[in-house]
Amino acid sequence: MAKPKITRIKAGESSKKVEEESTPITRKKVILKDKKQVKNAKKEAKEVKKTEKKKEKKPFILIRPFVYLGRYLKESWKELRQVRWPSRKATWKMVLAVLIYTAAFVVFITLLDVFFSWLFNLIIK
């Protein structure tokens with residue numbers, strides 16, 4: 001992928017000089033480059049899939065569940081190591097927010113229940 005030319009402008013330089021140095025990239029050129037890049041990426045993806053299929057050998061049928069379980073645990077451990085866990089302070093802030101929201105919702109539902117009970121008793125009596 002070609003890097004675009006970056007022109008730095010210092011205070012006092014004329015804009016004509018900058019315009020002469022840089023060549024504008026038209027929309028057609030960018031689209032053509034993108035199409036070529038997409039084609040290349042698709043080809044590379046196909047090649048990677050082919051090599052992965054060749055590398056993957058099916059284990060014997062009796063040990064397959066254990067192999068798959070081991071692979072699952074290994075990949076799960078990798079994913080867990082990539083997680084950014086919140087700090088203790090952030091965790092307590094989130095817990096507090098959940099508790100406050102829950103308390104407010106309980107009060108709201110209780111008020112609705114009392115209101116509708118009063119309304120239905122008023123209508124029935």
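Residues numbered from 1 in each chain as written. Predicted model: local features only at pLDDT ≥ 70, side-chain atom pairs only at ≥ 80, totals over all residues. Heavy atoms only, no water.

A.B. asks: Please clarify how the overall build of the protein should be interpreted in this entry.
C.D. replies: What the protein contains, in helices and strands, is 4 helices and 0 strands. Per element, the accessible surface of the protein, about 13,300 Å² overall, is 65% carbon and sulfur. (Helix = DSSP H or I, 4+ residues; strand = E, 2+ residues; numbered from the N terminus. Areas by Shrake-Rupley, 256 points an atom, 1.4 Å probe, with all protein chains shown as cover.)

A.B. asks: How do you make sense of the packing of aromatic side chains when you look at a structure like this?
C.D. replies: Aromatic ring pairs are reported here in terms of the distance separating the ring centres and the angle at which the planes meet. Overall, the coordinates contain 4 aromatic pairs when judged by the stated rule. Plain terms: the ring middles of Tyr 101 and Phe 105 are 6.0 Å apart, the flat faces sit at 20° to each other, and that makes the pair stacked. Here Phe 105 and Tyr 101 lie together in helix α4 (residues 88–124), a separation of 4 residues that amounts to about one turn. You can call Tyr 101 exposed: its relative accessible area is 58%. Its relative accessible area of 44% is what places Phe 105 among the partly exposed residues. Through successive ring pairs, a cluster of aromatic residues spans Phe 115, Phe 116, Trp 118 and Phe 120. (Phe/Tyr/Trp six-rings, centres within 6.5 Å; stacked < 30°, edge-to-face > 60°. Buried < 20%, exposed > 50% of the residue type's maximum accessible area, 1.4 Å probe, protein only.)

A.B. asks: Explain the confidence of the model for the protein to me, please; I cannot follow it from the model alone.
C.D. replies: Interpretation of the predicted coordinates at a detailed level should be avoided for regions scoring low in pLDDT. Predicted confidence across the protein gives a mean pLDDT of 81, with 74% of residues reaching 70 or more. Ranking the helices and strands of the protein by mean pLDDT puts α4 first, with 97, and helix α1 (residues 15–21) last, with 52. (pLDDT = per-residue confidence, 0-100.)

A.B. asks: What is the right way to read a positive patch on the surface from this model?
C.D. replies: Together, Lys 35, Lys 36, Lys 39 and Lys 43 make up a positively charged patch on the protein surface. As for its position among the elements, Lys 43 is in helix α2 (residues 27–55). Residue Lys 43 is classed as exposed on the basis of its relative accessible area, which comes to 55%. (Patch = residues over 30% accessible without salt bridge, like charges linked within 9 Å, V, L, I, M, F, W, Y side chains within 5 Å. Salt bridge = Lys/Arg side-chain N within 4 Å of Asp/Glu carboxyl O. Lys, Arg positive; Asp, Glu negative; His and termini not counted. Charge placed at Lys NZ, Arg CZ, Asp CG, Glu CD.)

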